Amino acid sequence: MQSITRAMTVAKVLANNTNEKGISISELSKQCELPLSTMHRLLQAMIKHSMVEQDEQSKLYRLGVVWLEYGLKVYDTIDYVSKIRPELERLSREVEESVYLSKPIGTEAMIVERIDSENNPIRIYDQLGLRIPMHIGAANKAMLAAMPRPQSESILSQLLPPDKMPEFLQTLEQITKQGYATSHSERTEGTSSIAVSIKDSLGQVIGAVSVGVVSFNLTEERLAFLTSKVVEAGNNIALRLRPNN
């Protein structure tokens, strides 16, 4: 069990590494808080299973291809993505912004799809696989608002102190009434987001579609336009997810 925990710690450090060339064993040892000798043995074992790769020239380490292989297999099991991707692409073209698809996972949400606009050089770049606590951001609030109250309260009780709950629940009620959620500089300063939740044919919340924008050029008219397009995309997705579609 200890080896699995250590291997996952290494994988997380490598996944969060922004240097495309990789990371040195000394830096890995430091960030994972493991002795160099232990780290070396662990890396060699992970290399055998394609969990880690080492560049022959630089000797730096990066994530192996097995994570991509497994990730694609999991992605393929999310059958609704293929159904709604045309709507995500259409939304991105129409608003000329980055569009995201998030999936709830316990007290967090994961970004499972991102469509970037080719016509907008200024974009928010949130990585696929990024996990965000469920009480932060428009997409997550949209999902919480669409969930049955006991479910959303159970999630929030693990994230918020009791004195913050009433105000947050009022926010969710407002989101339910208006049919969409917005956020401004909640996770990243200077950015805004508009989102709607997605439900499957059984009424279960399976995700949220959101548009992320840089706030400095977000006028009231632009916000109204983006909101109408996100809501429209949500309605179109609901039709696509109906049985026999």
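The rules behind the values
- The residue count restarts for each chain, going from 1 along the sequence in the order it is written.
- Note on the predicted model: pLDDT of at least 70 is required for a residue's local features to be given, and 80 or more for side-chain atom pairs to be given and counted; whole-chain, interface and lining totals, by contrast, use all residues.
- By convention in this description, side-chain values take in all heavy atoms of the structure and omit both hydrogens and water.
- Partly exposed residues are those whose accessible area sits between 20% and 50% of the maximum for their type, while under 20% is buried and over 50% is exposed, using a 1.4 Å probe and protein chains only.
- Here a helix means four or more residues in a row that DSSP labels H or I, a strand means two or more in a row labelled E, and each is numbered from the N terminus.
- Helix axes are fitted only over the stretch in contact, all axes being lines through C-alpha atoms; the angle between N-to-C directions runs from 0 to 180 degrees.
- Roughly parallel means an angle under 35 degrees; roughly antiparallel means over 145; roughly perpendicular covers 65 to 115; every other angle is labelled oblique.
- Contacts are assigned to residue pairs that have any heavy atoms within 4.5 Å of one another.
- Residues are sorted three ways: Asp, Glu, Lys and Arg are charged, Ala, Val, Leu, Ile, Met, Phe, Trp, Tyr, Cys and Pro are nonpolar, and all the rest, Gly among them, are polar.
- Only strands joined by at least two bridges in the DSSP assignment are considered to pair.
- For this analysis, a nonpolar core means a set of buried residues of the types Ala, Val, Leu, Ile, Met, Phe, Trp, Tyr and Cys, connected via side-chain atoms within 4.5 Å.
- Per-residue confidence from the predictor is reported as pLDDT, a score between 0 and 100.
- Polar contacts, as used here, are pairs of N or O atoms within 3.5 Å; protein pairs need one atom able to donate a hydrogen and one able to accept it. Residues neighboring in sequence count only if both atoms are side-chain atoms.

## A short note on helix H6 (residues 138–146)
At step 1: Counted residue by residue, H6 has nine buried out of nine residues, so it is predominantly covered.
At step 2: Every buried residue belonging to H6 is among Ala 138, Ala 139, Asn 140, Lys 141, Ala 142, Met 143, Leu 144, Ala 145 and Ala 146, and all of these are buried.

## Brief notes about the packing of H6 against helix H8 (residues 165–178)
At step 1: Contact geometry for H6 and H8: axes closest at 9 Å, N-to-C directions at 85 degrees. Here H6 lies roughly perpendicular to H8, going by the angle between them. The segment H6 lies against H8, with Lys 141, Ala 142, Leu 144 and Ala 145 engaging Phe 168, Leu 172, Ile 175 and Thr 176.
At step 2: Of the residues contributing to the contact of H6 with H8, the split by class is six nonpolar, one polar and one charged.

## Comments concerning the environment of Lys 83
At step 1: Residue position: Lys 83 is located in helix H5 (residues 80–95).
At step 2: On the basis of relative accessible area, Lys 83 is assigned to the partly exposed category, the value being 34%.
At step 3: Along the chain, Lys 83 and Met 51 lie 32 residues apart, while their C-alpha atoms are 31 Å from each other.

## Observations regarding the pairing of strand S4 (residues 108–115)
At step 1: Where burial is concerned, most of S4 is hidden: six out of the eight residues are buried.
At step 2: Counting the residues between successive antiparallel strands, the hairpin from strand S3 (residues 98–105) to S4 contains two residues, one of them, Gly 106, with a positive phi of roughly 65 degrees.
At step 3: Of the strand pairs in this sheet, S4 and strand S5 (residues 131–133) are connected by three bridges, and their pairing is antiparallel. The residue of S5 that forms the bridge with Ala 109 is Ile 132.

## Structural notes on the nonpolar core
At step 1: In terms of nonpolar packing, the biggest core is built from 23 residues, with Ile 84, Leu 88, Leu 91, Leu 101, Ile 198, Val 209 and Val 211 touching the most fellow members.
At step 2: Tallying contributions element by element places H5 first for this core, with six residues.
At step 3: Leu 101 has contacts with Tyr 80, Val 81, Ile 84, Leu 88, Met 110, Ile 111, Val 112, Glu 113, Ile 198, Ala 208 and Val 209, leaving out every residue within four places of it along the chain.
At step 4: By size, the runner-up hydrophobic cluster in this structure holds 22 residues, among which are Met 147, Leu 156, Phe 168 and Ala 195.

## Some words on the confidence of the model for the protein
Detailed reading of predicted coordinates is not advised where the pLDDT is low.
At step 1: Across the protein, the average pLDDT comes to 87, with 91% of residues at 70 or higher.
At step 2: Mean pLDDT values over the elements of the protein span from 69, in helix H4 (residues 65–77), up to 97, in H6.

## Looking at the environment of Gln 204
At step 1: Counting through the fold element by element, Gln 204 comes out in the loop between strand S7 (191–199) and strand S8 (205–214).
At step 2: The exposure class assigned to Gln 204 is partly exposed, which follows from its relative accessible area of 47%.
At step 3: Sequence separation of Gln 204 and Arg 149 is 55 residues, and the distance between their C-alpha atoms is 13 Å.
At step 4: Non-local contacts of Gln 204, meaning those with residues more than four positions away in its chain, are made with Ile 198 and Lys 199.

## Looking at the sheet that holds S4
Strand pairing in a sheet takes place through backbone hydrogen bonds and is either antiparallel or parallel in direction.
At step 1: Here six strands make up an open sheet; going across it, the order is S5-S4-S3-S8-S7-S6 and the pairing antiparallel. Two strands bound the open sheet, and with one partner strand each, they are S5 and strand S6 (181–184). Each strand axis lies, on average, 30 degrees off the axis of its neighbour in the sheet, ignoring direction.
At step 2: Its contacts with the sheet put helix H9 (residues 220–240) on S7 and S8, and the angle it makes with S7 is roughly 20 degrees.

## Notes on the environment of Glu 97
At step 1: Within the secondary structure, Glu 97 sits in the loop between H5 and S3.
At step 2: By relative accessible area, Glu 97 is classed as buried at 8%.
At step 3: When the C-alpha atoms of Glu 97 and Glu 118 are compared, they prove to be 8.6 Å apart, with 21 residues separating the residues in sequence.
At step 4: One polar contact links Glu 97 to Arg 222, side chain to side chain, over a distance of 3.2 Å.

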